[in-house]
Number of protein chains: 2
Amino acid sequence: MDDGFLARAVRANHELFLLTSDRMAATFAELDITSSTASLLLEIDPEQEPPTMKALAGRLYCNAPNLTFLIDQLVARGMVERVRATKDRRQRAAVLTGKGEHTRATLMDVALAISPLRHLTTEERTAVASILEGALTRAKASSTEGDPLTTVDSTR
Amino acid sequence: MDDGFLARAVRANHELFLLTSDRMAATFAELDITSSTASLLLEIDPEQEPPTMKALAGRLYCNAPNLTFLIDQLVARGMVERVRATKDRRQRAAVLTGKGEHTRATLMDVALAISPLRHLTTEERTAVASILEGALTRAKASSTEGDPLTTVDSTR
DNA sequence: TGCAATCCTTCGATATTCGAACTAAAATTT
DNA sequence: AAATTTTAGTTCGAATATCGAAGGATTGCA
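Cut-offs and rules
- Residues numbered from 1 in each chain as written.
- Chains lettered and ligands numbered in written order.
- Predicted model: local features only at pLDDT ≥ 70, side-chain atom pairs only at ≥ 80, totals over all residues.
- Heavy atoms only, no water.
- Helix = DSSP H or I, 4+ residues; strand = E, 2+ residues; numbered from the N terminus.
- Buried < 20%, exposed > 50% of the residue type's maximum accessible area, 1.4 Å probe, protein only.
- Polar contact = N/O pair within 3.5 Å; in protein donor to acceptor, adjacent residues only side chain to side chain.
- Expected span 1.5 Å × (residues − 1).
- Contact = heavy atoms within 4.5 Å.
- Near = heavy atom within 4 Å.
- Nonpolar A, V, L, I, M, F, W, Y, C, P; charged D, E, K, R; others polar.
- Least-squares fit on C-alpha atoms with pLDDT ≥ 70 in both.
- Phe/Tyr/Trp six-rings, centres within 6.5 Å; stacked < 30°, edge-to-face > 60°.
- pLDDT = per-residue confidence, 0-100.
- Buried area = accessible area lost by both parts, 1.4 Å probe.
- Salt bridge = Lys/Arg side-chain N within 4 Å of Asp/Glu carboxyl O.

Participant: Mind laying out the side chain of Arg125 of chain A, listing which residues take part and the relevant values?
Facilitator: All names here are of chain A. Here Arg125 is to be found in helix H6 (residues 122-144). Judged by its relative accessible area of 1%, Arg125 falls in the buried class. A distance of 2.9 Å separates a polar side-chain atom of Arg125 from the backbone oxygen of Arg118.

Participant: Account for helix H5 (residues 98-114) of chain B, naming residues and giving values.
Facilitator: Along an α-helix, a turn takes 3.6 residues, which lines up residues three or four apart on a common side. Taking 1.5 Å of rise per residue, the 17 residues of H5 of chain B would be expected to cover 24 Å, and the 25 Å separating its terminal C-alpha atoms lies within 8% of that figure. All buried positions along H5 of chain B are accounted for by Gly100, Thr103, Arg104, Ala105, Thr106, Leu107, Val110, Ala111, Leu112 and Ile114 of chain B. Those residues of H5 of chain B hidden inside the fold are in contact with helix H1 (3-30) of chain A together with helix H1 (3-30), helix H2 (35-42) and strand S2 (92-96) of chain B.

Participant: Can you break down the protein's contact with DNA strand D residue by residue, with the values?
Facilitator: The full set close to DNA strand D counts 20 residues, and Lys54, Thr68 and Arg82 of chain A together with Thr34 and Arg90 of chain B are the nearest of them. Within 4 Å of the protein, the contacting atoms of DNA strand D are 77% sugar and phosphate, with bases supplying the remainder. Lys54 of chain A places a main-chain nitrogen or oxygen 2.7 Å from a phosphate oxygen of DNA strand D. Between a phosphate oxygen of DNA strand D and a side-chain N or O atom of Ser36 of chain B, the distance comes to 3.4 Å. When contributions to the surface near DNA strand D are tallied by element, the ones reaching two or more residues are helix H3 (53-60) and helix H4 (64-76) of chain A together with helix H4 (64-76) of chain B. Its residues placed into classes, the surface near DNA strand D shows six nonpolar, seven polar and seven charged.

Participant: Any details on the relation of the copies chain A and chain B? Residues and values, ideally.
Facilitator: Aligned on chain B, chain A shows an RMSD of 0.1 Å; the corresponding rotation is 180 degrees and the shift along the axis is 0.0 Å. Taken together, the rotation angle and the small translation identify this as a two-fold axis. An overlap of 96% is found between the interface residues of chain A and their copies at the interface of chain B, pointing to a shared contact surface.

Participant: Break down the packing of aromatic side chains for me, with residues and values.
Facilitator: Each aromatic ring pair is described using two quantities: the centre-to-centre distance and the angle formed by the ring planes. In the structure shown here, the tally under the stated rule is one aromatic pair over all chains. Ring plane angle 10 degrees and centroid distance 3.7 Å describe the contact between Phe17 of chain A and Phe17 of chain B, whose orientation is recorded as stacked. Taken as a pair, Phe17 of chain A in helix H1 and Phe17 of chain B in helix H1 lie in two separate chains rather than in one. In this structure, Phe17 of chain A and Phe17 of chain B share a single accessibility class: buried.

Participant: How would you sum up the confidence of the model for chain A? Please name residues and give values.
Facilitator: Detailed reading of predicted coordinates is not advised where the pLDDT is low. Confidence along chain A averages 91 in pLDDT terms, with 90% of residues attaining 70 or more. Taken as a whole, residues 146-156 of chain A scores under 50 in pLDDT and shows nine contacts with residues more than four places along the chain or in a different chain.

Participant: Can you lay out the interface of chain A and chain B for me, pointing to particular residues and giving the numbers?
Facilitator: Taken together, the contact between chain A and chain B spans 55 residues of the former and 59 residues of the latter. Buried surface at the junction of chain A and chain B, summed over both partners, amounts to about 6100 Å²; 66% is from carbon and sulfur atoms. At the boundary of chain A and chain B, one finds six salt bridges. The partner of Arg11 of chain A in a salt bridge is Glu43 of chain B, with the nearest N and O atoms 3.3 Å apart. In this assembly, chain A and chain B are joined by 15 residue pairs in polar contact (both at pLDDT 80 or more). Mapped by element, the contributors of at least two residues to the side of chain A that touches chain B are H1, helix H2 (35-43), H3, helix H5 (98-114) and H6 of chain A.

Participant: Break down the protein's contact with DNA strand C for me, with residues and values.
Facilitator: Lining the immediate surroundings of DNA strand C are 21 residues, of which Thr34 of chain A together with Lys54, Thr68, Arg82 and Arg90 of chain B lie closest. Taking the atoms of DNA strand C that fall within 4 Å of the protein, sugar and phosphate contribute 75% of them. Here Met53 of chain B contributes a backbone N or O atom positioned 3.3 Å from a phosphate oxygen of DNA strand C. Within the contact set of DNA strand C, a phosphate oxygen lies 3.0 Å away from a backbone nitrogen or oxygen of Arg92 of chain B. Among the elements of the structure, H4 of chain A together with helix H3 (53-60) and H4 of chain B are those that each provide at least two residues to the surface near DNA strand C. Residue composition of the surface near DNA strand C, grouped by class: six nonpolar, seven polar and eight charged.

What follows is the structure, encoded as structure tokens:
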């Protein structure tokens with residue numbers, strides 16, 4: 001039964017996230033943001049087309065009111081601006097300011113510098129990145145089609 | 001220039017956590033717990049010696065007041081009981097009730113059932129589990145001894 | 001014994017997350 | 001084309017989470 005490895009992988013991923021967040025705490029405070037707003041900031045890639053509120057909520061797996069609240073934090077700090085979409089005027093997109101870009105870059109630098117994953121060899125990094133990305137891709141693909149039931153099985 | 005893989009690994013870990021939390025949401029509601037209290041419940045292994053409050057706070061990377069709040073949630077739901085440690089009467093340990101054990105077991109079942117990692121092959125699960133555990137072990141070892149500075153070492 | 005350190009809790013302040021209800025702008029129906 | 005429905009986003013109020021400061025109890029130490 002290889003469920004043991006699955007359980008260990010799930011648990012390790014969970015702890016890795018907790019430890020990483022903990023190590024980022026001081027940086028968040030210095031940059032005058034919080035864990036949640038930092039996650040949002042990282043989702044706004046200045047190289048890409050400015051994402052809409054809906055797209056950002058999807059990436060953070062949160063709902064619309066929460067996203068409005070989080071974006072407000074970044075707007076209040078001068079890191080993001082809301083712009084109306086030209087084609088569909090219901091939509092608003094998030095655009096990084098210069099300060100927003102700079103803060104985001106610092107966040108990424110620090111995240112790489114403190115991540116426990118920095119101890120891995122190049123081969124290990126490659127393996128982890130590709131395996132996890134593959135799992136995510138397949139998970140998102142299979143959740144959009146078929147298999148609607150995810151009920152709690154009490155067979156225990 | 002293998003920082004690309006490191007960044008991808010860090011990002012995949014982050015998204016995996018968000019997606020997993022999102023997929024657990026319905027189960028949390030059914031079990032009358034929240035994401036945070038579920039994480040705490042999972043840290044109390046009925047096979048092990050009942051952990052102290054301090055030990056649990058360490059495992060969740062949170063502070064003492066927060067842990068008191070979280071344990072109160074589980075106590076109020078009849079899933080955990082506080083007991084005084086006999087040797088050091090300042091300490092309190094968390095002991096699972098029958099309901100706590102059952103809820104915890106259900107949580108673990110569902111977590112394995114919905115995790116994107118379940119799509120991985122046995123070899124991939126093994127690789128991810130051992131690599132991430134190794135990174136965590138080294139990260140925690142190097143943060144407790146020596147090297148008080150968390151400076152960015154660019155020698156890589 | 002007296003003092004400092006440790007473990008935990010309480011309290012107040014701030015942050016986060018959500019559902020319900022709302023506005024504005026499309027898309028669809030009739 | 002007017003009416004209806006759907007969609008994108010916001011506002012508001014409630015429940016939860018997290019933290020720092022301060023306090024009580026117990027232990028360790030001089």
